[in-house]
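A look at the structure
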Amino acid sequence: MAPRAIERRRVGGLGPRIASAFVMAPAAIGLAYLGGLAFGLPIALLAALMALEWQGFSREGEAGAPSARAGFVAAVAIPVLFAVAGRVEIALASILPALVIAALAARIGRARPSWWALGVAYIALPCIAVVWLRAAPHGRETIFWLFSVVWATDIGAYAAGRLIGGDRKSVV
């Protein structure tokens, strides 16, 4: 790789990161402050979007049937919506049926059932946990602490990666 391209790659990611932080951080803080549906519904929407992204990298060269895609998104989003409604026990109990639905949807969409089932657990469980944490006593403070830890870790990892250098482990 040419030296100029390497230098551009090293500097290129900072501007978009700062710009997105100025937009997303106040929105996340504001929604976490409000709590309730104002916090939970965007989490459910983000879970559905993460499910679509999961499908994108777990397909094996096949576009997938729209019904399969919809089934997987529903299998991820429905347990999260139960948590948003304040029924965390039902949300957790619905994970097992959601795993089965995701595996069946994967069969229809010609994807690997194990990947889609893993996607349900990987996406829905943390989303349920965040909604549950915010609804708990002192939930606002807990979520603000969680945001602080995640953001500090991300900033530290970014700074360390820039200082240490080397190739990226991900192409994204």
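Residues numbered from 1 in each chain as written. Predicted model: local features only at pLDDT ≥ 70, side-chain atom pairs only at ≥ 80, totals over all residues. Heavy atoms only, no water.

**Brief notes about the side chain of Arg134**
What counts is decided by this rule: Runs of E in the DSSP output that reach at least two residues are strands. Runs of H or I that reach at least four are helices, and both are numbered from the N terminus. Buried, partly exposed and exposed residues are distinguished by accessible area as a fraction of the type maximum, computed with a 1.4 Å probe on protein chains only: under 20%, between the cut-offs, and over 50%, respectively. When charges are counted, Lys and Arg are positive and Asp and Glu negative, with His and the chain ends excluded. One speaks of a salt bridge when a side-chain nitrogen belonging to Lys or Arg is within 4 Å of a carboxyl oxygen belonging to Asp or Glu. Throughout, a contact is declared for two residues whenever any of their heavy atoms are within 4.5 Å.
If you trace the backbone, Arg134 turns up in helix H7 (residues 113-135). No salt bridge is formed by the buried Arg134; the nearest opposite charge belongs to Glu141, separated by 6.8 Å. Other than its neighbours up to four places away in sequence, Arg134 contacts Ala32, Tyr33, Leu34, Gly35, Phe39, Gly139, Arg140 and Ile143.

**Looking at the environment of Val100**
Inspection of the secondary structure puts Val100 in helix H6 (residues 95-108). Once the C-alpha coordinates of Val100 and Ser114 are considered, the two residues, 14 residues apart in sequence, prove to be 9.9 Å apart.

**Quick notes on the pattern of salt bridges**
Under the counting rule described, the total for this entry stands at 1 salt bridge. For Glu89, the salt bridge identified is with Arg87, shortest N-O distance 2.7 Å. Taking relative accessible area as the criterion, Arg87 reaches 40% and is therefore assigned partly exposed.

**Examining H7**
Owing to its 3.6 residues per turn, the α-helix aligns residues three or four sequence positions apart on the same side. The criterion, for reference: Expected span of a helix, by definition, is 1.5 Å for each gap between consecutive residues, and there is one gap fewer than residues.
When the terminal C-alpha atoms of H7 are compared, their 33 Å separation across 23 residues agrees well with the 33 Å that a helix rising 1.5 Å per residue should span. Looking at H7, one finds that the buried residues are Trp116, Ala117, Gly119, Val120, Ile123, Ala124, Cys127, Ile128, Val131 and Arg134. Looking at the packing, one finds that the buried side of H7 touches helix H2 (14-34), helix H3 (36-58), helix H4 (66-84), helix H5 (88-93), H6 and helix H8 (139-164).

**Observations concerning the packing of H2 against H8**
When two helices pack together, their arrangement is given by the angle between their axes and by how far apart the axes lie. To keep it simple, the criterion reads: Axes here refer to lines fitted to C-alpha atoms; in helices the fit is confined to the stretch in contact. Angles between the N-to-C directions go from 0 to 180 degrees. In this scheme, roughly parallel covers angles under 35 degrees and roughly antiparallel covers those over 145, while 65 to 115 is roughly perpendicular and the rest are oblique.
Running from N to C, H2 and H8 point in directions that differ by 170 degrees, and their axes come no closer than 11 Å. With respect to H8, the axis of H2 lies roughly antiparallel. Contacts from Leu14, Arg17, Ala25, Ala28, Ile29, Ala32 and Tyr33 of H2 reach H8 at Arg140, Ile143, Phe144, Phe147, Trp151, Asp154 and Tyr158.

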